[in-house]
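Here are the chains, one letter per residue:
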Amino acid sequence: MGGVTGEVAPLAGAGHERPGPSEPALLEVTDLGLRFGGVKALDGVTFDVRRGELFAVIGPNGAGKTSIFNCINGVYRPQRGTIALEGTDLTKKGPAEIAGLGVSRTFQNLGLFENLSVVDNLMLGRHHLMRTGFLAGMVWWGRAKREEIEHREAVERVIELLELEPFRRQPAGKLPYGVQKRLELGRAIAMEPKLLLLDEPVAGMNLEESEDMARHILDVRDRLNLAMILVEHQMALVMDLADRVMAMDFGVPITVGTPEQVQGDQRVIDAYLGAAA
Amino acid sequence: MSSRRAPRVHGLMTRGYADDLRLFGSGKAKLGLLALVLAYLMLPFFLTSDFWLSVLDYAGIAAIGALGLNLLTGYTGQVSLGHAFFIGLGAYAAAQLGGPDALNLPLPLWLLGAAVFGALVGALIGPFALRLRGNYLAIVTLGLIFLGEHLFRNLKDVTGGNSGTNVDTTATLGGLDFKDLALLGENFSFNQGYFWLIWGLVGLVALLVKNLVRTRPGRALQAVRDRDVAAEVVGVQLGRYKVGAFAVSSGLAALAGALLGSYQQFVSPDEFSLFLSIQYIAIIIVGGVGTVFGSIVGALVLGGLPGLIDKYSASIPGVSTGSGDSGFISVFSLNQAIFGLLIVLFLVFEPRGLAAVWLRVKAYFKAWPFSY
């Protein structure tokens, strides 16, 4: 278990290099198809994400970006296709099991536990790494106490990484919006995932908050060396951060490539602005 | 951490995570705990009134049941109207396990046996009931009440049917007979002995529940309550934790029931009606949903209420105390009305209950005499 509990690489000059094509894929999505009744939410979606890569998915509203996330972490069950994480198919598994395999995510409209403190929210990120059951928890002395202290230390590292120190004891629901978004990122990385799904991490933020969040995302990528998939409408952020970008429209991928390639692609421009008649 | 402990600069300072996780960490909290323990130990020496002792004994039993319901409803967010059913189960289980005519098990075993029995029944019913949420779950658990009443009335060999059954349990622990306690050369009444037994168990159960909710399983329960989709995504198996909460809650209800039966020495099916369930819901709402402290405070305030109303009914105008007596409301209806009224008033004015009021008071005095 490296990640948050392990040795932390120095921040400055970590010098992220784009992972080369030779690197084996961590996540392979093949021919994914998802229907709600007669509506095709996803159709023939194929892409892969490598370790250490920041992969962005863009597209107009309703293009199926969040549906991809919901398929990967088991909230939706796709009718067609496979999602392989290090060779293990995820399409038949439930969300809790997929979390245990190393996939974590944040939600577009926040998925925090509002009545719990910042520390407790982060500790819940450690849930799948802990073992204390009902009986051991009630007894406290022994495993429960040992685990609480051990994982509290890991949580403290996340607090430090994301600068959440002033909020430790505050209930998550009472925090400012930008801090809530940051806390959710914190909960996701406290899970020590191999793959992190970020659903619109800067939605509704002002410029300053967005830049803070971008800095935190880069921090996380450089220090923890995990693969990330980013769904975001803020194009400037996507083009600055992403190693590769997939553009989608009406549930179908249009193109995959580097930010420069995708930005210049006529089909992407058409999808956003509408094609000239 | 170095072997020499750093001096504490002020009462709220912590030195490391173990310190931070202490339940009674600060000096004030330790003093409060000491005061409570002393009150618990000394009270029967000064309080001899059977009436007031019985009020406290009933309140203690209610506190144990309320801790169970609060775990399920307050911490896990699953509203149950079936709590009375499990309390009944525990009472009848105690009758079967504890008496000299029955299995004649010693005190710890019949108490534990009743709790485990309740938990097992809860674990069996849970997977079916907990597929539903919110109001639907409330309706299904309401069904449990009627199922239970039917069983209690008709399984005559076990429950004694409509006329009820005696619960003649032993109550001895390490040479101390709580029914007839002789201690330090003094003899204590049944009510005094049961005060020690019941409130000792309240302390134990409160500690167990508090530990549960501050560790991994308890956090998972609260995550299920706050946002179940997000809970699943961080790896909490919803079904497992909901059923677990239901089982522990039912086990505590059965424990309260076993104590109730043993204390009254008699139970009948009429006691385990919907009204009892609603009484427990009132206790946790008035005390504070999702708090251990609130369950006990709520039980102290409301658990003794039926007894108080009964005693003073003659002096409350408009209450009829018997047939032929003038008055527009019976003692039983007055009870129901008061519980209903308290639920409504607290939901409107202080949804977080007396526990929240206490927290406000405490926060005010934390920096006293400065206002912030």
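Residues numbered from 1 in each chain as written. Chains lettered and ligands numbered in written order. Predicted model: local features only at pLDDT ≥ 70, side-chain atom pairs only at ≥ 80, totals over all residues.

Next up on the list: the pairing of strand E7 (residues 195-199) of chain A. Residues and elements named next belong to chain A. Counting buried positions along E7 gives five out of five residues, so the element sits mostly inside the fold. Alternating residues of E7 divide into Leu195, Leu197 and Asp199 and Leu196 and Leu198, and every residue in both groups is buried. Looking at chain direction, strand E6 (residues 103-105) and E7 are connected through three bridges and run parallel. Along E7, the bridge assignment pairs Arg105 with Leu197. (Buried ≥ 20, exposed ≤ 12 C-beta atoms within 10 Å, placed from the backbone. Helix = DSSP H or I, 4+ residues; strand = E, 2+ residues; numbered from the N terminus. Pairing = 2+ DSSP bridges.)

All names here are of chain A. What the four strands build is an open sheet, ordered E2-E1-E4-E5; its pairing is antiparallel. Of all the strands in the sheet, just strand E2 (39-50) and strand E5 (88-89) have a single pairing partner and so form its edges. As paired elements, strand E1 (residues 25-36) and E2 share eight bridges and run antiparallel to each other. Following the sheet pairing, Leu27 is matched in E2 by Val49. Strands E1, E2 and strand E4 (80-85) of the sheet are contacted by helix H1 (residues 65-72), whose axis makes an angle of about 70° with E2. (Contact = placed C-beta atoms within 7 Å. Axes fitted to C-alpha atoms, helices over the stretch in contact; angles between N-to-C directions.)

Residues A:Leu230, B:Ile64, B:Ala114, B:Ala254, B:Leu255 and B:Ala258 are the most contacted members of the largest nonpolar core, which totals 181 residues. In contact with A:Leu230, other than residues within four places in its own chain, are A:Leu54, A:Ala56, A:Leu198, A:Val238, A:Leu241 and A:Ala242. (Core = buried A, V, L, I, M, F, W, Y, C linked by C-beta atoms within 7 Å.)

Chain B puts 26 residues into the contact, and the matching count from chain A is 35 residues. If you list the elements that add at least two residues to the side of chain B that touches chain A, you get helix H1 (17-20), helix H8 (190-213), helix H9 (216-226), helix H10 (228-233) and helix H11 (238-264) of chain B. Per-element accounting of the side of chain B that touches chain A gives the leading share, eight residues, to H9(B). For the side of chain B that touches chain A, the residue count by class is 14 nonpolar, seven polar and five charged. (Nonpolar A, V, L, I, M, F, W, Y, C, P; charged D, E, K, R; others polar.)

This next bit is on the packing of helix H3 (residues 50-75) of chain B against helix H13 (residues 292-302) of chain B. All names here are of chain B. Between H3 and H13, whose axes approach to 8 Å, the crossing angle comes to 145°. Read as a crossing pair, H3 and H13 show a hand that is right-handed. Judged by residue contacts, Ala59, Ala62, Ala63, Ala66, Leu67 and Asn70 of H3 engage Val292, Ser295, Ile296, Gly298, Ala299 and Leu300 from H13. Class assignment for the residues of the contact of H3 with H13 results in nine nonpolar, three polar and no charged. (Left-handed = near helix turned anticlockwise from the far one by under 90°.)

Right, let's get into the confidence of the model for chain B. Residue and element names in this part refer to chain B. Looking at chain B, pLDDT values average 89 and 94% of them are 70 or higher. The element-level mean pLDDT for chain B is lowest in strand E7 (residues 319-320), coming to 74, with H9 highest at 97. With pTM at 0.90, the complex prediction returns an ipTM value of 0.89. (pLDDT = per-residue confidence, 0-100.)

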